[in-house]
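The residues making up each chain are set out below.
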Protein chains: 2
Amino acid sequence: MSKKKFAIAVHGGAGTILKKMMTAEKEKLYKKALTIALEVGYDILEEGGTAVDAVEAAVYELENFPLFNAGKGAVFTHNGKHEMDAAIMDGSTLKAGAVTCLNQVRNPVVLAREVMEHSEHVFLSGKGAEQFARMRKIKLEKDNYFFTDERYKQLQEVINEEGAHLDHNINVKEKKFGTVGAVALDVNGNLAAATSTGGMTNKRFGRIGDSPIIGSGTYANNNTCAISCTGHGEFFIRAVVAYDISCLIEYKGMTLKQACKEVVNNKLVKLGGEGGLIAIDKNGNVELPFNSDGMYRGYKSSNGKELIAIYK
Amino acid sequence: MSKKKFAIAVHGGAGTILKKMMTAEKEKLYKKALTIALEVGYDILEEGGTAVDAVEAAVYELENFPLFNAGKGAVFTHNGKHEMDAAIMDGSTLKAGAVTCLNQVRNPVVLAREVMEHSEHVFLSGKGAEQFARMRKIKLEKDNYFFTDERYKQLQEVINEEGAHLDHNINVKEKKFGTVGAVALDVNGNLAAATSTGGMTNKRFGRIGDSPIIGSGTYANNNTCAISCTGHGEFFIRAVVAYDISCLIEYKGMTLKQACKEVVNNKLVKLGGEGGLIAIDKNGNVELPFNSDGMYRGYKSSNGKELIAIYK
């Protein structure tokens, strides 16, 4: 019997990520973190585990690294708080769970899965979502768990900039769309996707980006593909990016590669939307397209191929 | 010069709406409210106004009638509060604005439009969204504005049921997916959609439905169609309903009628998703499909056709 193909891909955000702005040491840290997340997910798949388990585990690892803007490394809001979002989708059932505006949940992806499997809802928000988290014994943390010096400095820089530039574009100096995500195909042919984010530094007004929006930042469907996005979320919502790729495959007969190129390098660029995504199809093909300077990314497939990369 | 075609459609929710449960007087009230909303929007289009103006005005009217679950008639949450959502999308620019978990905003659709036109974001939530509303001088109301005897009775009934039925399905007796919405085509060929809702009676955990989700409950694109949904939101999110119809037209070459049938009467039914939607395409064709017992609905077109209906 021939062994069934399986594969996993992860990302840790896209944006203005240039080699000249990076130290060798920092680069090593990022690559190591991506590798750990990939390996954790890959091991689950290799042992015959589900795509849902693999993407949840990989995103859980990425949330725990302060390097990435999700979980432990979530950026600060304008008020010096954290507001985290996450989503997960099971391509075999089209079931999904999503959470937004969390302040206290240690691993938002775990709560998203709990919503998918143990609530009658898909999308929960804020204090209500955290009430559900407490009922389900999901691990919460106090503010200090999410405090990191680097993120706090980033907030101060942006707040100071704001004084000088009204009508400013947040993160003018260095656009980084911090998000983490994973997509996987398991040995049973099931696809899954998960995404988690701390949103934008200095964000206000309870802004929700594309990450927790099923169809925009996160989508999985066994008939087509699994997608996790990272980028300027407003554009990804307006372009319904993740489901668009699925539809181009299902309705227009494009390959995963063609669909990714059309959406990320054509449609999003025309709209002005910067960022990228990771994608895997039902045949185990992996694409990691982005239209920004860089994207923290990697994949590992049972066909022996693997990659960890940051720049173009 | 031949006059350009224009048209508008509205809905006031779908669900278990049966003639035997309605009085003649109540039926008259519903029909009158739908007619008023249609006329207000139609008049704007007839005077050469934009599709965005027309759908906002029609939804604004529907929000002000206590008959419908949006704005003034919003249902109660489990905690005896109101949490309202809305979205609007301009098919000519693919710009969109959405708001969720509002407690105090008199007309959520007005805030959604303000987000679309006067913020750098697409989707704002909760207290943050209301902070933005105050900055933009959007009209707020105290809790008593949203209090209606009928909605309060509905909450008590559901809460009492809950005591007897654990693992209950909310609204077992009478499934009504209260939402209001409008879609329009203006004389310049621009499409727009808007949706507004108070969510589910007795809802908890900051649950967000499909109404404010661009691509699921609300979508507009001049190349294809404008859609506003009403139904069991969780299924509409998982099926990315509104954008699915757009993709079936754009990528698979379906007519609006074919696409609506495929999504509402085939895909949603298979998934178990009850509800309906209103749709208009760039040629002014209107569809009002639903798979539930009834949907409060109507349309009026410059070709002289018009309809107000409730049941199948």
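Residues numbered from 1 in each chain as written. Chains lettered and ligands numbered in written order. Predicted model: local features only at pLDDT ≥ 70, side-chain atom pairs only at ≥ 80, totals over all residues. Heavy atoms only, no water.

### What to know about the overall build of chain A
Moving on, step 1. A tally of helices and strands in chain A yields nine helices and 13 strands.
Moving on, step 2. Compactness check: chain A gives a C-alpha radius of gyration of 18 Å against a globular reference of 20 Å for 312 residues, within 12% of the reference.
Moving on, step 3. Dimensions of chain A along its principal axes, counting C-alpha atoms only, are 65 × 45 × 40 Å.
Moving on, step 4. Pairs at least 24 residues apart make up 69% of the contacts formed inside chain A by residues separated by at least 6 positions.
Moving on, step 5. Of the roughly 11800 Å² of accessible surface on chain A, 49% is carried by carbon and sulfur atoms. (Helix = DSSP H or I, 4+ residues; strand = E, 2+ residues; numbered from the N terminus. Rg over C-alpha atoms; globule rule 2.2 N^0.38 Å. Contact = heavy atoms within 4.5 Å. Areas by Shrake-Rupley, 256 points an atom, 1.4 Å probe, with all protein chains shown as cover.)

### Description of the pattern of salt bridges
Moving on, step 1. Scanning the entire structure with this criterion turns up 28 salt bridges over all chains.
Moving on, step 2. The partner of Asp53 of chain B in a salt bridge is Arg113 of chain B, and the shortest N-O contact between them spans 2.5 Å. Of the two residues, Asp53 of chain B is situated in helix H2 (residues 51-64) and Arg113 of chain B in helix H3 (residues 108-118); the sequence distance between them amounts to 60 residues.
Moving on, step 3. A relative accessible area of 30% places Asp53 of chain B in the partly exposed class.
Moving on, step 4. Note on Arg113 of chain B: relative accessible area 14%, which makes it buried.
Moving on, step 5. Three or more residues joined by partner-sharing salt bridges are found here, namely Asp53, Glu56, Arg113 and Glu117 of chain A. (Salt bridge = Lys/Arg side-chain N within 4 Å of Asp/Glu carboxyl O. Buried < 20%, exposed > 50% of the residue type's maximum accessible area, 1.4 Å probe, protein only.)

### Some remarks on the confidence of the model for chain A
Moving on, step 1. Residues with a pLDDT of 70 or more make up 94% of chain A, whose mean pLDDT is 92.
Moving on, step 2. Every residue in residues 163-173 of chain A is under pLDDT 50, and counting partners more than four places away or in other chains gives 13 contacts. (pLDDT = per-residue confidence, 0-100.)

### Concerning the relation of the copies chain A and chain B
Moving on, step 1. Of the transformation superimposing chain A on chain B, the axial component is 0.0 Å and the angular component is 180°, with the fit at an RMSD of 0.0 Å. Both copies of the chain, as the preceding transformation shows, are related through a two-fold rotation axis.
Moving on, step 2. A symmetric contact is evident, with 100% of the interface residues of chain A recurring at the interface of chain B. (Least-squares fit on C-alpha atoms with pLDDT ≥ 70 in both.)

### Some thoughts on the interface of chain A and chain B
Accessible area lost during the coming together of the parts is what is often quoted as the interface size.
Moving on, step 1. Contact with chain A, which involves 44 residues of that partner, is made by 44 residues of chain B.
Moving on, step 2. It is Phe205, Arg238 and Tyr251 of chain A in chain A that bury the most area against chain B; as a group they hold 23% of the surface buried on that side.
Moving on, step 3. Our count for the contact surface shared by chain A and chain B stands at zero salt bridges.
Moving on, step 4. Per-element accounting of the side of chain A that touches chain B gives the leading share, six residues, to helix H8 (residues 241-252) of chain A.
Moving on, step 5. Across the side of chain A that touches chain B, the residue classes break down as 25 nonpolar, 10 polar and nine charged.
Moving on, step 6. Pairing between strand E4 (residues 123-125) of chain A and strand E8 (residues 207-208) of chain B: two bridges, direction antiparallel. For Phe123 of chain A, the partnering residue across the bridge sits in E8 of chain B and is Ile208 of chain B. (Buried area = accessible area lost by both parts, 1.4 Å probe. Nonpolar A, V, L, I, M, F, W, Y, C, P; charged D, E, K, R; others polar. Pairing = 2+ DSSP bridges.)

### A look at the packing of H3 of chain B against helix H4 (residues 126-135) of chain B
All names here are of chain B.
Moving on, step 1. Here H3 crosses H4 at 75°, and the two axes come no closer than 11 Å. Considering their axes alone, H3 and H4 lie roughly perpendicular with respect to each other. Where H3 approaches H4, its residues Leu111, Glu114, Val115 and His118 are matched on the opposing element by Ala129, Phe132 and Ala133. (Axes fitted to C-alpha atoms, helices over the stretch in contact; angles between N-to-C directions. Parallel < 35°, antiparallel > 145°, perpendicular 65-115°, else oblique.)

### A short note on unusual backbone geometry
Moving on, step 1. Phi is positive for Asn202 of chain A, close to 70°, though the residue is something other than glycine.
Moving on, step 2. Mapping Asn202 of chain A onto the fold places it in the loop between strand E7 (191-197) and strand E8 (218-220).
Moving on, step 3. Unusually for a residue other than glycine, Cys101 of chain B sits at a positive phi of about 60°.

### Observations concerning the side chain of Glu27 of chain A
Residues and elements named next belong to chain A.
Moving on, step 1. Tracing the backbone shows Glu27 in helix H1 (residues 24-46).
Moving on, step 2. By relative accessible area, Glu27 is classed as buried at 13%.
Moving on, step 3. Here Glu27 is in contact with Lys19, Met22, Ile310 and Tyr311, once residues within four sequence places are set aside.

### Examining the sheet that holds strand E12 (residues 286-287) of chain B
The strands making up a sheet associate through hydrogen bonds between their backbones, and the pairing can be parallel or antiparallel.
Residues and elements named next belong to chain B.
Moving on, step 1. In spatial order, the strands read E9-E10-E11-E12; together these four strands make up an open sheet with antiparallel pairing. Among the strands making up the open sheet, the edge pair consists of strand E9 (218-220) and E12.
Moving on, step 2. Both strand E11 (residues 275-281) and E12 contribute to a ladder of two bridges, which runs antiparallel. In the sheet register, Ala279 faces E12, and the bridge partner there is Glu287.
Moving on, step 3. Here helix H8 (residues 241-252) sits on the sheet in contact with E9, strand E10 (225-231) and E11, set at roughly 145° to E10.
Moving on, step 4. Sitting on the sheet, helix H9 (residues 256-271) touches E10, E11 and E12, and the angle it makes with E11 is about 165°.

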